[in-house]
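# Fold and geometry: a report
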Amino acid sequence: MKKKLLFLFSFILTVTCYSQSILLVVDNNTDDAENTTFTNALSQTTYSSSVTVYNTVDQGEAPSLAFISSYDLVIWYCGDDSSINFWDDGKTGLTQLKTYLEDDGKLWLIGKDIIYNFYTAPFNFTKDDFLYNYVGLSSYNMQSYVDDGNTGAPQIDKTSELSNDFPSSLSWVFDTIYYIDGVDLRDGGKELYTMGPSSYASAGEVTMTHFKNDDTNVIASFFNPAEIDISSGGPSGKNAAVNDLVDFIQATTDALVNNTLNIESNNINQQASFKILPNPIENDFNILLSNDKLLNKNFNIFSITGKKVFQGKLDNLQTNTNLESLSKGIYILEIDGFTKKIVKL
């Protein structure tokens, strides 16, 4: 009987995954080749037969509420473009997209210049902004290259919020990537990928997020996945992906469709996870572990130049640390390959 029940549960989960309808909104007039790269990668996932493509350039407008309401998930791909239909209704956001989200819709928002279209870093968002209310952003901090000494970000690294289905690091078809955005989140938001490595001047800046409450469920990637290096990665177990780009799209789509962020298959609530409280800090702060996965691990704190300035060990689920000897600025906390940004006031 147990075997029958297990098979039935697995069958139901599989049917749920494959029966989801997905709308890919291509809202990018800058580079058709990148549109093709992303669309082709999505077609190599297990959702290939579930995707409808809507091109705003061809249609001349954003999709209507009546159109998007029939889909379980909307992937809104802006690529590198800042002249996009996504902002047709201004900073408060598309009326139809807000209604869709409030009615239990799910959105994966993608693009380098989504924020830059209206805002200049640094900027603090308010309740008048779609990016505050529905994407869960509190601030727009920086752009790579523009604010990192003109170097660009060599890679992005996943945080402890994500399962092993996600690539641990993503690099680019270029040596470094320009113009990806660094942000901070409202309470309740999750940091998914941050800029790296630890030696990079803006390491720890958050560039992919998840925010969910009663009115919204949005993953936002403030970079262009079509520029991910596809010469490495995959396959990754159940996803049977062929490279890091396909792996990344498969895992992110899975997370929204199945509501499995921070849950690895058959391993619920067992992913390594930690928080920093308070943050920003003055001198003291606590490292809070959600479980014992990182217990007894060493932790390191780096300056934005990549110099190690502090180290310690996580002997308890809550570890108090004092940085009184360090000057004000931005630091990176690293635990077992996972990183978070610390702001010292």
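All values derive from a computational prediction rather than experimental measurement.

### Let's talk about the sheet that holds strand β14 (residues 284-289)
The sheet built from three strands is open, its strands ordered β13-β14-β17 with antiparallel pairing. The open sheet is flanked by β13 (274-277) and β17 (318-322), the only strands paired with a single partner. Shown here is a sheet whose adjacent strand axes are inclined to one another by a mean of 20°, direction ignored.

### Thoughts on a negative patch on the surface
Together, Glu102, Asp103, Asp104, Asp214 and Asp215 give the surface a local cluster of negative charge. Turning to its location among the elements, Asp104 is positioned in the loop between α5 (95-102) and β4 (106-110). Residue Asp104 is classed as exposed on the basis of its relative accessible area of 64%.

### Quick notes on a nonpolar patch on the surface
Taken together, the side chains of Val146, Tyr178 and Tyr179 make up a nonpolar region of the molecular surface, amounting to roughly 260 Å² of accessible area. Overall, the relative accessible area of 34% leaves Tyr179 in the partly exposed class.

### Remarks on α5
Among the residues of α5, those classed as buried are Gln96, Leu97, Lys98, Tyr100 and Leu101. Residues of α5 that are buried in the fold lie against α4 (65-68), β3 (73-77), β4, α6 (130-133) and β12 (216-221). Residue Asp104 follows α5 closely and has a positive phi angle near 75°.

### Structural notes on the confidence of the model for the protein chain
Segments scoring low in pLDDT should not have their predicted coordinates read at a detailed level. Taken over all residues, the pLDDT of the protein chain has a mean of 86, while the share at 70 or more is 88%. Across the protein chain, the element-wise mean pLDDT spans from 40 in helix α1 (residues 2-19) up to 98 in β3. With pLDDT under 50 throughout, residues 1-18 is counted as low confidence; its partners more than four residues away or in other chains account for nine contacts.

### Regarding the pattern of salt bridges
A side chain with one charge can pair with a side chain of the opposite charge if their charged atoms come near. The final tally for this structure, using the stated rule, is six salt bridges. As a salt-bridge pair, Lys112 and Asp80 come within 3.9 Å of each other at their nearest N and O atoms. On the criterion of sequence distance, the pair formed by Lys112 in the loop between β4 and β5 (123-124) and Asp80 in the loop between β3 and α5 is long-range, its members being 32 residues apart. On the basis of relative accessible area, Asp80 is assigned to the buried category, the value being 18%. Note that Lys341 is salt-bridged to Asp184, the shortest N-O span being 3.3 Å. Of this pair, Lys341 sits in strand β19 (residues 338-344) while Asp184 sits in strand β9 (residues 181-185), and the two are 157 residues apart along the sequence. One network of salt bridges, with partners in common, ties together Asp80, Lys112 and Glu227.

### Structural notes on the packing of helix α2 (residues 32-43) against helix α7 (residues 244-258)
Here α2 crosses α7 at 65°, and the two axes come no closer than 9 Å. Classed by the angle they form, the pair α2 and α7 counts as roughly perpendicular. In terms of crossing hand, the pair formed by α2 and α7 is right-handed. Where α2 abuts α7, its residues Thr37, Phe38, Ala41 and Leu42 lie against Leu245, Val246, Ile249 and Thr253.

### Description of the sheet that holds strand β16 (residues 308-313)
One open sheet accounts for four strands, arranged β16-β15-β18-β19; its pairing is antiparallel. A strand with exactly one partner marks an edge of an open sheet, and here the two such strands are β16 and β19. Ignoring strand direction, the axes of neighbouring strands in this sheet form an average angle of 25°. Where strand β18 (residues 329-335) and β19 come together, seven bridges link them in antiparallel fashion.

What counts and what doesn't
- Residues numbered from 1 in each chain as written.
- Predicted model: local features only at pLDDT ≥ 70, side-chain atom pairs only at ≥ 80, totals over all residues.
- Heavy atoms only, no water.
- Pairing = 2+ DSSP bridges.
- Helix = DSSP H or I, 4+ residues; strand = E, 2+ residues; numbered from the N terminus.
- Axes fitted to C-alpha atoms, helices over the stretch in contact; angles between N-to-C directions.
- Patch = residues over 30% accessible without salt bridge, like charges linked within 9 Å, V, L, I, M, F, W, Y side chains within 5 Å.
- Areas by Shrake-Rupley, 256 points an atom, 1.4 Å probe, with all protein chains shown as cover.
- Salt bridge = Lys/Arg side-chain N within 4 Å of Asp/Glu carboxyl O.
- Lys, Arg positive; Asp, Glu negative; His and termini not counted.
- Charge placed at Lys NZ, Arg CZ, Asp CG, Glu CD.
- Buried < 20%, exposed > 50% of the residue type's maximum accessible area, 1.4 Å probe, protein only.
- Contact = heavy atoms within 4.5 Å.
- pLDDT = per-residue confidence, 0-100.
- Parallel < 35°, antiparallel > 145°, perpendicular 65-115°, else oblique.
- Left-handed = near helix turned anticlockwise from the far one by under 90°.

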